[in-house]
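# Working through the structure, step by step
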Amino acid sequence: MPSLIYGIPAFLLIINLATGAAFVLERHASADGRPRISPGLLMLCVALGGGLGMVVAILPVLNDEGRQPLSPVILTIVGLQVGVAAGFLAFFL
């Protein structure tokens, strides 16, 4: 059981950092005209637990451009991830 207490937060930290980096790299590739990262790969990173990393990476860009911040589907995924994390913390701590 102790391995879950440390393993899951470590995994989430790594996947969120990787997802944030992927969204930033995709944004720079788009601006420079280089090949972009596929949307499927980006959404896979979000679905694996990188929702918060994605939000942190793209909110400043979207706010600067005046776009709609996030789609409801992505917000639902992030909300579910936060709920699961809160439940995990409440159960194990």
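Quick note: structure is the one above.
Right, let's walk through the structure included here. (Residues numbered from 1 in each chain as written. Predicted model: local features only at pLDDT ≥ 70, side-chain atom pairs only at ≥ 80, totals over all residues. Heavy atoms only, no water.)

A few words on the environment of Gly51. Summarising the element assignment, Gly51 is placed in helix α2 (residues 39-65). Classification of Gly51 as buried rests on a relative accessible area of 0%. Along the primary structure Gly51 and Leu75 are separated by 24 residues, whereas in three dimensions their C-alpha atoms are 8.4 Å apart. Ignoring sequence-local partners within four residues, the contact set of Gly51 consists of Asn16, Val46, Val78 and Gln81. (Helix = DSSP H or I, 4+ residues; strand = E, 2+ residues; numbered from the N terminus. Buried < 20%, exposed > 50% of the residue type's maximum accessible area, 1.4 Å probe, protein only. Contact = heavy atoms within 4.5 Å.)

On to the nonpolar core, then. The biggest cluster of nonpolar side chains holds ten residues, and these are Ala22, Phe23, Leu42, Val46, Met54, Val55, Ala57, Ile58, Ile74 and Val78. At the level of elements, α1 (2-32), α2 and α3 (72-92) are the ones that each hand at least two residues to this core. Of the residues forming this core, the biggest block, six residues, is contributed by α2. (Core = buried A, V, L, I, M, F, W, Y, C linked by side-chain atoms within 4.5 Å.)

Looking now at the pattern of salt bridges. By the definition in use, this model includes two salt bridges. Between Arg36 and Glu26 there is a salt bridge whose closest N-O contact spans 2.5 Å. Note that Arg36 is positioned in the loop between α1 and α2 and Glu26 in helix α1, a separation of ten residues in sequence. (Salt bridge = Lys/Arg side-chain N within 4 Å of Asp/Glu carboxyl O.)

Before going further, it helps to examine the side chain of Glu26. Accessibility expressed as a relative area gives 10% for Glu26, which makes it buried. The contacts of Glu26, once residues within four sequence positions are left out, are Arg36, Ile37 and Leu42.

This next bit is on the side chain of Asn16. As for its placement among the helices and strands, Asn16 is situated in helix α1. You can call Asn16 buried: its relative accessible area is 17%. In contact with Asn16, not counting residues within four places along its chain, are Gly49, Gly50, Gly51, Leu52 and Gly53.

The terminal C-alpha atoms of α3 lie 30 Å apart, and with 21 residues this matches the ideal 30 Å at 1.5 Å per residue to within 8%. Burial in α3 covers these residues: Ile74, Val78, Gln81 and Phe88. Axial view of α3: buried residues confined to an arc of 85 degrees, hence all on one face. Residues Pro72, Val73, Leu80, Ala90 and Phe91 are exposed on α3 and point more than 90 degrees away from its buried face. (Expected span 1.5 Å × (residues − 1). Arc of directions from axis to C-beta.)

Everything listed here is a matter of geometry and, on its own, says nothing about what the molecule does.
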